[in-house]
Amino acid sequence: MIITRFAPSPTGHLHIGGARTALFNWLLARGQGGQFVLRVEDTDAQRSKEEHTQAILAAMSWLGLDWDGEPVYQSARFELHRQHIQKLLADGRAYWCHCRPEDIEAKRQEALKAGGKPRYDGHCRELGLGPAPGGVIRFKSPPTQTVSWPDLIKGPISVDSEELDDLVLLKSDGNPTYNLAVVVDDLTMGVTHIIRGDDHVNNTPRQILLYQALGANLPQFGHVPMILGQDKARLSKRHGATSVMAYKEMGYLPQALNNYLARLGWSHGDQEIFSLQEMVELFSLKRVGKSASVFNPEKLNWLNAHYIKQTSTEELGRLVWPYLAAQNLTCPNPGYLAQAMATVRERGKTLVELAEKAAFYFQALPPLNPKDALKLLTSTGLAYLAEVGQELRRAFPQTHEALDELLKNLASAHNVKMGQIAQPLRLALTGQTASPGLFDILNILGPERVNQRVQAALAFKPNQAEADRA
RNA sequence: GUCCCCAUCGUCUAGCCUGGUCCAGGACACCGGACUUUCACUUCGGCAACAGGGGUUCAAAUCCCCUUGGGGACGCCA
């Protein structure tokens, strides 16, 4: 059985790149009936925060990426890590190093200046030193050999061990380093497939050497390409929102984000739309591309719009309501909300947009857009509106055709286009010139609200407004 | 600087492994048309790419090499 893992460090929120890595691991495990485990890489006590862990778990849950068992905290396994370090020490595969950080840094700078790679020079390697305050334990890299592995995504990769220096395994504070902890944990947790970000490619040969020194079999490695911003630089805050929860707040659906993230790098022929279940069935690392990809919010919008259209009006109501409630709006009843959603569902790309477009249904009197009011509620516009209001009071249209006829009759009576009649009414009812279909609005608002809004708009004083503007 | 990786429309990608069916397909975005009382939706059509140069071959987007470009890594961070 395969075991995959997602191993975030709780030093921040779950970002887009991490979410995709998590998704790929999850898809791989679920697709093959394996396990997907979560490991919190909190070896850095300074930067790790429990609140970040909780935020990451919340984001995972929102995306629907469930993990098997309880999350494993790396910090709870330090003893295990130290045992493995002791073993390496005993086997002569590691040694104590007393070099001062400043000296090492100086040597790095020198090496860099000389055009070389800034790596540790192995000063303490053969000194046979013992424990000392401020000392660290380093891995004794084996002599020249080529380290290579068949990367599940990138294909064969090989590195000359000459390039690798003696990395620190135990820090001077007595805690293990990332590279040691990862290897020990993946090993002891039985992880079979390590799917992680591209930025770890350089760690892999070091870790392979550690596996070998520990006498362990190698897991499979796969490195997923980075996600870039529009300028092709690594995706970061300056490109806009990067955290998964920020997308939730902006009104994106988890299905949309999952679908988008999956298609960013992975493909299955020409198919664009995938449910999570479908992805589970179809996902394969072989179909993941090797090159980095640019994050494209437009396409995410398109997918989000697609999934919004797929969502029932009742469900949409539940999802959109928080945004409406935040504006202190009230809702007559759940049915009203669902009806409103039905009319805006195809007009917005995010839940936030839906809330904006549906707000007028819930406002006591939607504020008239000043520019549009000035343009439409002229003396003739108001005259038309008064007439429409009268007609509506006399016979409130029960069908789309009835409204159509009402508007048509008025238009031809005054020898104007339908828009001349319809737009002032639209403005009166919604405060805007762009809105759902008039009949739907009429039908949902009902005669009473419609009459209120028309009367309120009729009170608009074009001349006064002109004066105010001047 | 050194090492590793990558390279098809503006973007995500199919095709590349197993050369010919590709004057390169799909999607997003963009531009037109249709629909229409607004805005959308939908629909029809359009624009748009094999980074450059050498090979190999009857034939290369597909294989090889170089150049260029991009990304990543080089921590007692993860």
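What counts and how
- Residues numbered from 1 in each chain as written.
- Chains lettered and ligands numbered in written order.
- Predicted model: local features only at pLDDT ≥ 70, side-chain atom pairs only at ≥ 80, totals over all residues.
- Heavy atoms only, no water.
- Near = heavy atom within 4 Å.
- Polar contact = N/O pair within 3.5 Å; in protein donor to acceptor, adjacent residues only side chain to side chain.
- Helix = DSSP H or I, 4+ residues; strand = E, 2+ residues; numbered from the N terminus.
- Nonpolar A, V, L, I, M, F, W, Y, C, P; charged D, E, K, R; others polar.
- Buried < 20%, exposed > 50% of the residue type's maximum accessible area, 1.4 Å probe, protein only.
- Lys, Arg positive; Asp, Glu negative; His and termini not counted.
- Salt bridge = Lys/Arg side-chain N within 4 Å of Asp/Glu carboxyl O.
- Contact = heavy atoms within 4.5 Å.
- Core = buried A, V, L, I, M, F, W, Y, C linked by side-chain atoms within 4.5 Å.
- Axes fitted to C-alpha atoms, helices over the stretch in contact; angles between N-to-C directions.
- Parallel < 35°, antiparallel > 145°, perpendicular 65-115°, else oblique.

Enquirer: Is there a simple way to explain the protein's contact with RNA strand B in this structure?
Expert: Around RNA strand B, the structure places 62 residues, and the nearest of them are Arg 108, Gly 115, Gly 265, Glu 346 and Arg 347. Counting only the atoms of RNA strand B within 4 Å of the protein, the fraction contributed by sugar and phosphate is 72%. One of the side-chain nitrogen or oxygen atoms of Glu 163 is found 3.5 Å away from a sugar or linking oxygen of RNA strand B. Within the backbone of Gly 265, one N or O atom sits 2.5 Å away from a phosphate oxygen of RNA strand B. Mapped by element, the contributors of at least two residues to the surface near RNA strand B are α4 (101-113), β5 (136-139), β7 (155-160), β12 (293-294), α10 (297-310) and α17 (418-430). It is α17 that provides the largest number of residues to the surface near RNA strand B, a total of 5 residues. Looking at the surface near RNA strand B, its residues break down into 17 nonpolar, 21 polar and 24 charged.

Enquirer: Would you mind going over the side chain of Arg 20 with me for this structure?
Expert: With respect to the helices and strands, the residue Arg 20 is situated in helix α1 (residues 16-31). Within the buried set, Arg 20 has no salt-bridge partner at all; the shortest N-O distance to an opposite charge, 7.7 Å, is to Asp 198. Beyond its immediate chain neighbours, meaning those up to four positions away, Arg 20 contacts Val 224, Pro 225, Met 226, Ile 227, Leu 261, Leu 264, Gly 265 and Ser 293.

Enquirer: Is there a simple way to explain the nonpolar core in this structure?
Expert: Buried together is how nonpolar side chains tend to be arranged in soluble globular proteins. Of all hydrophobic cores here, the largest spans 96 residues; its most connected members are Leu 14, Met 60, Leu 257, Phe 295, Tyr 361, Phe 362 and Leu 429. Not counting residues within four places of it along the chain, the set of residues in contact with Leu 429 comprises Phe 360, Pro 366, Leu 438, Ile 441, Leu 442, Leu 445, Val 450, Arg 453 and Val 454. Counting residues in hydrophobic clusters, the runner-up holds 30 residues, among them Ile 85, Leu 164, Val 201 and Ala 216.

Enquirer: What is the right way to read the packing of helix α11 (residues 313-325) against helix α13 (residues 351-362) from this model?
Expert: For any two helices packed against each other, the geometry is given by the interaxial angle and the distance between the axes. With their axes 9 Å apart at the nearest point, α11 and α13 run at an angle of 75° to one another. Taken together, the axis directions place α11 and α13 in an arrangement best described as roughly perpendicular. Note on element contacts: α13 touches α11 through Leu 351, Val 352, Leu 354, Ala 355, Ala 359 and Phe 362, opposite Leu 316, Leu 319, Val 320, Trp 321, Tyr 323 and Leu 324. Classifying every residue of the contact of α11 with α13 gives 12 nonpolar, no polar and no charged.

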